[in-house]
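Tertiary structure, described
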Amino acid sequence: MRTAVITLAAGRHTHLLLQQDGLARGTRAPDRYVIVSMADPRIAPLTAGREPAPDVITLPLADGRLPLAAARNAGAARALEGGAELLVFLDVDCVPGPTLLERYTGAAEDGALLCGTVAYLPPPPPQGYDLAGLAGLAPPHPARPAPAEGELLRGGDPRLFWSLSFALTARTWNRVGGFCESYSGYGGEDTDFAAAAAGCGVDLWWVGGAPAYHQHHPTHDPPVQHLDDILRNGALYKRRWGSWPMLGWLRAFEALGLAVYDPGADAWHKR
């Protein structure tokens, strides 16, 4: 099965290079490594001449915002043009465990959306992360299933899908239709994709032995820097699916006095 790894990048160069190193050390190498640069001209020269050899494509920003949905679609299209039969999406912050591609490939079936575990790493030491020691730095995220090595949990809750690490066959990708490109900026496009997959009868499977390790970076909780994106994309999801996503963040924004909920209109607005 020809496998392509797809990642999106805008900055986070150190994280991207460690991901590339992690792929190079895996028990199975990707047949193609597609990097979608979102208006970052440094990506191609930084990753060139390293293994796995990158296929870098570039997309402009969408009204100043990162085009995450469109970038994933563009990366998938390039991979499919190259004959990929399995698409593996990794967030730029995620380093694959050695067996990630092997386990995803072994579990792949048409009609299944595959997710592996993700562990959130502490800040790296001064010399950076040691690839061989990542598994001992943090457990899998507690809010998601964590099947054992060789275990496959079918019938997963699509609301728990995350785009940090997932895989699906080319046929399943075409069945779902990719990501909705009406989303731009941060938040909602992955929840929409999971809803679309479930609506097509695609089942969510949690795959044991396919770990990824999320490299530390500064963040806000809730992500106040993405307030406008989350309100805009949340309203789009509401129009498409009839409910509000990202409610935990919306309620946290409300508690901070940044957003307000209108129960009569079932709408969230910036305060």
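Above this text is the structure in question.
Residues numbered from 1 in each chain as written. Predicted model: local features only at pLDDT ≥ 70, side-chain atom pairs only at ≥ 80, totals over all residues. Heavy atoms only, no water.

**Points about the overall build of the protein**
In terms of regular secondary structure, the protein is built from eight helices and 13 strands. Since a compact globule built from 271 residues should have a radius of gyration of about 18 Å, the 18 Å found for the protein is in line with a globular shape. Principal-axis analysis of the C-alpha atoms gives the protein an extent of 55 × 45 × 35 Å. Out of the 271 residues in the protein, the part that is buried amounts to 49%. Within the protein, contacts between residues separated by at least 24 positions form 73% of all contacts whose residues are at least 6 apart in sequence. Accessible surface computed for the protein: about 12,000 Å², of which carbon and sulfur atoms make up 52%. The average position of the 23 basic charges and that of the 28 acidic charges among the side chains of the protein differ by 2 Å. (Helix = DSSP H or I, 4+ residues; strand = E, 2+ residues; numbered from the N terminus. Rg over C-alpha atoms; globule rule 2.2 N^0.38 Å. Buried < 20%, exposed > 50% of the residue type's maximum accessible area, 1.4 Å probe, protein only. Contact = heavy atoms within 4.5 Å. Areas by Shrake-Rupley, 256 points an atom, 1.4 Å probe, with all protein chains shown as cover. Lys, Arg positive; Asp, Glu negative; His and termini not counted. Charge placed at Lys NZ, Arg CZ, Asp CG, Glu CD.)

**Concerning the packing of helix H7 (residues 227-241) against helix H8 (residues 247-255)**
Here H7 crosses H8 at 130°, and the two axes come no closer than 11 Å. Classified by the angle their axes make, H7 and H8 are oblique. In the packing of H7 onto H8, the handedness of the crossing is left-handed. On H8, the residues that touch Leu227, Ile230 and Leu231 of H7 are Trp249, Leu250 and Phe253. Here the contact of H7 with H8 is built from residues that sort into six nonpolar, no polar and no charged. (Axes fitted to C-alpha atoms, helices over the stretch in contact; angles between N-to-C directions. Parallel < 35°, antiparallel > 145°, perpendicular 65-115°, else oblique. Left-handed = near helix turned anticlockwise from the far one by under 90°. Nonpolar A, V, L, I, M, F, W, Y, C, P; charged D, E, K, R; others polar.)

**Here's the deal with the environment of Tyr261**
Note that Tyr261 resides in strand S12 (residues 259-262). A relative accessible area of 29% means that Tyr261 is categorised as partly exposed. Distance from Tyr261 to Arg271, taken between C-alpha atoms, is 9.4 Å for residues ten residues apart in sequence. Residues within four places of Tyr261 in sequence aside, it is in contact with Glu254, Asp266, Ala267 and Trp268. At 2.7 Å, the side chain of Tyr261 and the side chain of Asp266 are in polar contact. (Polar contact = N/O pair within 3.5 Å; in protein donor to acceptor, adjacent residues only side chain to side chain.)

**Quick notes on the packing of aromatic side chains**
Enumeration according to the criterion identifies 13 aromatic pairs in this entry. A ring pair is formed by Phe161 and Phe166, whose centres lie 5.0 Å apart and whose planes are at 70°; its orientation type is edge-to-face. Owing to a relative accessible area of 6%, Phe161 belongs among the buried residues under this scheme. Pairing Phe166 with Phe193 gives two aromatic rings, centres 5.9 Å apart and planes at 45°, and the pair type is tilted. One end of the pair, Phe166, is in strand S9 (residues 165-169); the other, Phe193, is in helix H6 (residues 189-199), and 27 residues separate them in sequence. Residue class for Phe166 comes out buried when judged on its relative accessible area of 0%. A connected cluster of aromatic rings, assembled from ring pairs, spans Phe89, Phe161, Phe166, Trp173, Phe179 and Phe193. One cation-aromatic arrangement involves Arg72 over Phe179; the distance from NZ or CZ to the ring centre is 5.0 Å. (Phe/Tyr/Trp six-rings, centres within 6.5 Å; stacked < 30°, edge-to-face > 60°. Lys NZ or Arg CZ within 6 Å of the ring centre and 35° of its normal.)

**A short note on the sheet that holds strand S5 (residues 94-96)**
Here three strands make up an open sheet; going across it, the order is S5-S11-S7 and the pairing mixed. Strands with a single pairing partner mark the edges of an open sheet, and in this sheet they are S5 and strand S7 (118-120). Direction aside, neighbouring strands of the sheet carry axes that sit 25° apart on average. Pairing analysis gives three bridges linking S7 to strand S11 (residues 212-214), with the strands arranged parallel. In the sheet register, Tyr120 faces S11, and the bridge partner there is His214. (Pairing = 2+ DSSP bridges.)

**Regarding the environment of Leu250**
Residue placement: Leu250 occurs in helix H8. In the structure, Leu250 is positioned 227 residues away from Leu23 in sequence and 36 Å away in space, judged by C-alpha atoms. Discounting chain neighbours no more than four positions away, the residues touching Leu250 are Ile230, Leu231, Trp244, Pro245 and Trp268.

**Observations concerning the sheet that holds strand S1 (residues 3-9)**
The eight strands are arranged S3-S2-S1-S4-S9-S6-S10-S8 in an open sheet whose pairing can be described as mixed. Unpaired on one side and paired on the other, strand S3 (54-59) and strand S8 (152-153) mark the two borders of the sheet. Against the sheet, helix H3 (residues 68-81) makes contact with S1, strand S2 (32-38), S3 and strand S4 (86-90), and its axis sits at roughly 150° relative to S2, the strand it touches most. Along the sheet face, helix H4 (residues 100-107) touches S1, S4, strand S6 (112-115), S8, S9 and strand S10 (203-207) and points at about 140° away from the line of S4.

**Some points on the nonpolar core**
Membership of the largest hydrophobic core comes to 59 residues, with the highest contact counts inside it found for Leu87, Tyr104, Leu113, Leu114, Phe166 and Phe193. Dropping the residues within four chain positions of it, Phe166 is found in contact with Leu87, Val88, Phe89, Tyr104, Leu113, Leu114, Cys115, Phe161, Phe179 and Phe193. Residues Trp244, Met246, Ala259 and Trp268 belong to the second largest nonpolar core, which totals ten residues. (Core = buried A, V, L, I, M, F, W, Y, C linked by side-chain atoms within 4.5 Å.)

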